[in-house]
Structures are given as structure tokens and as C-alpha cells.
Amino acid sequence: MAQPQHDGPPPPPAAAKPADAKPATPPEGLPDDKSTSQTITVGGKTLHYTATVGTIHLKDAMGKPTGDVMYTAYTLDHDKGAPDRPVLFAVNGGPGASSVYLNLGAVGPKHISFANEGDSASNPATLTDNPGTWLDFTDLVFIDPIGTGFSKALVDDAEAKKLFYSPTPDIEYLSLVIYKWLVKNDRLLDKKYLMGESYGGYRGPRITHYLQSQMGVAMNGLVLVSPYLNPEEGDGNLSPIPWMVTLPSITAAHLEGQGKLTDAAMQQVIGYTEGDYASALIKGPADKAATDAMIAKVTDMTGLDPMFVRYSGGRLDTGAYLREVHREKGEIGSVYDSNVTLPDPFPYSAYQESGDPILESIIAPTTTAMVDFITRTVGWKTDARYYALSYDVGNKWERNSEDLRRGAVEDLREAVAADPKLAVLIVHGWNDLSCPFMGSVLTQNQLPAKLAWQVQIHEFPGGHMFYTRPGNGAGLHSLAETMVSTH
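Residues numbered from 1 in each chain as written. Predicted model: local features only at pLDDT ≥ 70, side-chain atom pairs only at ≥ 80, totals over all residues. Heavy atoms only, no water.

Caption draft 1: The arrangement of the packing of helix α2 (residues 157-164) against helix α3 (residues 167-184) in detail. The geometry of α2 relative to α3 is characterised by a closest axis approach of 6 Å and an angle of 75 degrees between their N-to-C directions. If you check the angle between α2 and α3, you find them roughly perpendicular. Each of Lys162, Leu163 and Phe164 in α2 lies in contact with α3, whose residues at this interface are Pro169, Asp170 and Tyr173. Across the contact of α2 with α3, the residue classes tally to four nonpolar, no polar and two charged. (Axes fitted to C-alpha atoms, helices over the stretch in contact; angles between N-to-C directions. Helix = DSSP H or I, 4+ residues; strand = E, 2+ residues; numbered from the N terminus. Parallel < 35°, antiparallel > 145°, perpendicular 65-115°, else oblique. Contact = heavy atoms within 4.5 Å. Nonpolar A, V, L, I, M, F, W, Y, C, P; charged D, E, K, R; others polar.)

Below is the structure:
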């Protein structure tokens with residue numbers, strides 16, 4: 001890249017360093033890899049596996065260290081003559097989230113309860129065996145992006161933002177991490193899968209396409225959990241899309257509260273959303289009969305106060321809804337699952353002033369459990385701070401880039417078009433308002449017919465982290481195992 005041009009005289013030369021001046025001490029890297037043997041019983045079968053906490057080192061073109069990425073891997077112990085094992089890479093989102101949530105909440109061999117109604121920040125952070133782990137059919141590698149977990153940049157903040165805290169550089173270095181892990185562990189020829197949650201659902205299609213087309217590594221399958229696929233939804237004053245995306249999840253939360261949440265009931269909700277609801281929004285107040293009928297229907301579907309729905313024009317803003325739905329009880333609902341609540345510490349404020357109920361309660365147990373597992377059980381010793389969720393990374397993230405605005409659907413389309421065997425599994429919780437399932441449904445609706453069959457969508461009771469509900473583990477396991485056994 002060309003150097004920027006400046007007007008005026010050149011700057012004065014830098015002052016010479018004193019002879020005894022010492023160069024700045026570079027940031028300290030991460031410890032050497034460490035492994036330990038573990039055992040778990042899944043479905044009546046005892047699995048012996050190795051848990052490894054390790055580091056992938058990143059360097060610039062001149063060989064200078066730029067960052068250390070920590071991973072936690074679980075690999076099944078087996079005879080050398082046994083068939084090659086699949087391997088799945090998992091990354092969370094944020095940006096700024098470590099992979100602890102998918103690791104200890106979803107598919108890793110160890111589990112801790114969090115993100116459900118009644119879970120407390122001070123509950124014992126004791127790990128138990130996870131009956132829903134995917135270790136019985138694939139090895140697992142959980143990646144913590146730079147600035148999360150113990151992963152760290154080894155350059156200054158300005159350089160770190162360019163290298164790690166922007167959408168496309170993020171995709172490129174995470175793809176390199178996957179490539180390096182495969183080479184480091186002699187796993188390039190094995191079947192490979194990628195799992196991404198939330199913003200990891202934006203990363204997933206882009207990493208898959210980048211690996212496939214630029215780095216020469218093809219994924220066999222892609223699992224997107226509550227994915228953030230479509231950042232732009234259009235002007236809410238003109239486009240029905242923003243309201244079509246949120247209404248079904250709000251309705252699902254109400255149906256669950258009534259004990260009426262079923263797949264059949266939600267298919268009716270989706271049908272109404274794609275039909276009469278969208279039509280009424282497009283027609284607008286000019287068609288009073290259609291508008292009145294829509295408002296009455298939305299009121300009935302959501303159980304909200306009729307005047308709240310009417311004054312909203314049937315367009316239910318997420319923040320306003322979360323303030324309204326539990327107001328009479330003095331509680332606030334979570335954007336990740338509005339049926340998970342905490343007392344509202346500022347009930348008379350016009351806006352939500354407190355943190356999200358789920359985020360407020362999950363950082364302590366997940367951090368404590370993960371750090372104890374890494375440092376005590378595995379024995380990978382460090383006194384550095386662990387970031388289950390880094391707000392600093394979130395604040396530094398480049399959110400105005402064109403790459404982020406266009407979303408990940410283009411890469412999803414190109415990846416499946418380039419590989420007709422690539423399977424994509426998208427899974428959501430019905431109640432999630434942070435990344436509503438309807439966005440994925442509308443995305444699949446618009447896929448060309450020759451591509452749509454490669455993309456499956458399944459919904460579960462619960463919200464953004466629906467996988468933490470014990471009743472969902474078996475169904476999620478079955479879907480993923482079928483995908484791996486198929487290709």
C-alpha cells in the first residue's frame with residue numbers, strides 16, 4: 001500500500017536514542033500447549049479423549065509476531081489403524097465473545113447450566129459431563145478470537161484494530177488459524193466442519209467460502225447457531241421486513257408462556273407473517289380495514305396490551321416490547337429470550353438502563369468454570385485475565401464497513417454453489433430477538449432452487465442460547481450427527 005502524502009515540509013528526524021536505551025518490551029505470548037486425559041460416558045458408551053489447551057501463533061509478512069490465538073480441543077483417543085475422525089471447529093460471536101458458550105453450553109464434553117430462567121450468577125460453577133456432546137461422532141476445536149478468552153494481540157491497539165477487529169481481516173486470520181491447526185495436527189485429509197453462533201453465524205459462511213476459494217481447504221458441513229446473517233433489513237417506515245423478522249419470535253414467547261408453543265402453531269404464525277401481515281404493512285394506513293384487522297390479529301397473537309399494539313401500528317420494536325411485556329411484574333425480559341427475566345432496577349425510566357438479564361448472569365459462571373478447567377484440570381497455567389465476553393473488543397470493532405453491511409448471505413450462496421455436497425444446518429430458538437429465526441427463513445425463501453436444498457433450518461424451544469435447555473440437546477445432536485454421517 002502506498003504511503004499517504006502530506007502537505008508542507010517533511011517532519012524533523014526522530015531524536016537518536018541514548019546508547020543505553022532499551023527497546024520496548026513486546027507483549028508476553030501464551031504458554032506452551034498442555035494436554036490431559038479425560039473420560040466421559042455418552043449413550044452408555046465410554047469415550048476416552050484428550051483435552052488440549054493450545055496456541056496458534058500469528059505473524060506478519062516479515063515474520064514479526066502479531067497475535068496468539070488460544071484453542072481448546074477435545075480429540076478422541078483411538079487406535080492408529082482406526083478410521084480417520086471428523087473434526088469440527090467452533091467459534092462464537094459478539095464480536096467479543098469467546099467460544100466458552102458453545103463449549104460448555106452446547107457441544108463440548110463438559111457442561112454448565114446458564115442462560116435459562118432461574119439461573120443465577122452465583123450458582124456453583126461445577127462442570128458435569130454433557131450427555132449432548134458431539135464428541136461421540138466428531139473431534140471438537142473451540143477457537144477464541146483475538147481479545148477473547150486468553151487470546152491476545154501482540155501489537156499496539158491501532159495495529160490490532162487493522163489486523164483483528166474488522167470484519168474481513170477477522171475472517172482471514174480465523175481461516176488461517178483453522179488451516180494452521182489442521183497442518184499442526186496432521187488433519188488436513190479428515191472430514192471438516194465449522195460451527196458459528198450469532199456473529200459467528202456471519203463468520204461461518206465467509207470463513208467457509210474463504211477457506212474453500214482462497215486457502216484450498218473445503219468444509220464438509222457448516223452449522224449456524226442463531227446466526228447473524230442479514231445486518232440490513234431496510235427502512236422500517238417503508239419495508240415490512242424488520243417487523244416480519246421480529247413478530248414471530250415475540251409470538252413464540254407468548255405461546256410458550258401459555259404452554260401452546262408447537263411447530264404446527266409456529267407454521268401458522270410464519271404463514272400469517274409472510275401473507276396478510278406483510279400485505280397490511282405494505283398497504284399502510286391508507287387501507288384502514290386491513291390495518292385494523294392486522295392490529296387485532298397481532299394483539300391476539302402476542303397477548304400485548306391492545307393500545308400498545310395500536311400505537312405501535314402493529315410494528316413491534318424489540319426494545320419497546322421488552323420494556324412492555326413484563327412491566328406489570330416490575331421485570332425486564334432478555335433480548336436473547338424474552339421469557340428469561342430479572343427485576344428491573346430502574347422501572348420508571350423511559351428506557352432500559354440495566355444490562356441484559358441473560359448477559360448479566362452468564363459471565364460469572366462461564367468464566368469461573370472455564371478458567372478452572374483450563375488452569376487446574378488441564379494445567380495450562382496463566383494468571384492473565386480471561387474474557388468470556390470482551391466489551392473492549394466490541395467497542396473497537398469496525399461496524400461501518402461495507403463488508404459487514406452486505407452480510408454473509410452472498411458467501412453462503414457462493415460456497416454452496418461451488419460445492420454441491422456442502423451441507424448447511426441453521427438452527428434457532430423460537431424466542432430469540434437478537435437474531436430472530438425469521439431472518440433465516442426469509443433468506444432461505446430467496447435462495448435459488450438449485451441451492452435451497454443444501455440449506456436446512458430447524459427451530460427449538462428457547463432463545464438465542466436454546467442449546468442450554470436440557471430438552472434440546474438430543475435433537476441438536478441428532479441433526480448434526482446425520483449431517484456428518486451423510487458427508
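Caption draft 2: Focus on the environment of Ser478. If you trace the backbone, Ser478 turns up in helix α16 (residues 473-486). When its relative accessible area of 41% is taken as the criterion, Ser478 is described as partly exposed. Taking the C-alpha atoms as reference points, Ser478 and Gly132, separated by 346 residues in sequence, lie 9.4 Å from one another. (Buried < 20%, exposed > 50% of the residue type's maximum accessible area, 1.4 Å probe, protein only.)

Caption draft 3: Broad picture of the pattern of salt bridges. Counted according to the given criterion, the structure contains 23 salt bridges. We note a salt bridge from Asp287 to Lys283, for which the minimum N-O separation is 3.8 Å. Residue class for Asp287 comes out partly exposed when judged on its relative accessible area of 26%. A salt bridge links Arg406 to Asp403; its shortest N-O distance comes to 3.8 Å. (Salt bridge = Lys/Arg side-chain N within 4 Å of Asp/Glu carboxyl O.)

Caption draft 4: Main features of the pairing of strand β1 (residues 34-42). Pairing of β1 with strand β2 (residues 45-59) involves nine bridges; the strand directions are antiparallel. Note that in β2 the partner of Thr41 across the bridge is Thr46. Counting the residues between successive antiparallel strands, the hairpin from β1 to β2 contains two residues, one of them, Gly43, with a positive phi of roughly 60 degrees. (Pairing = 2+ DSSP bridges.)

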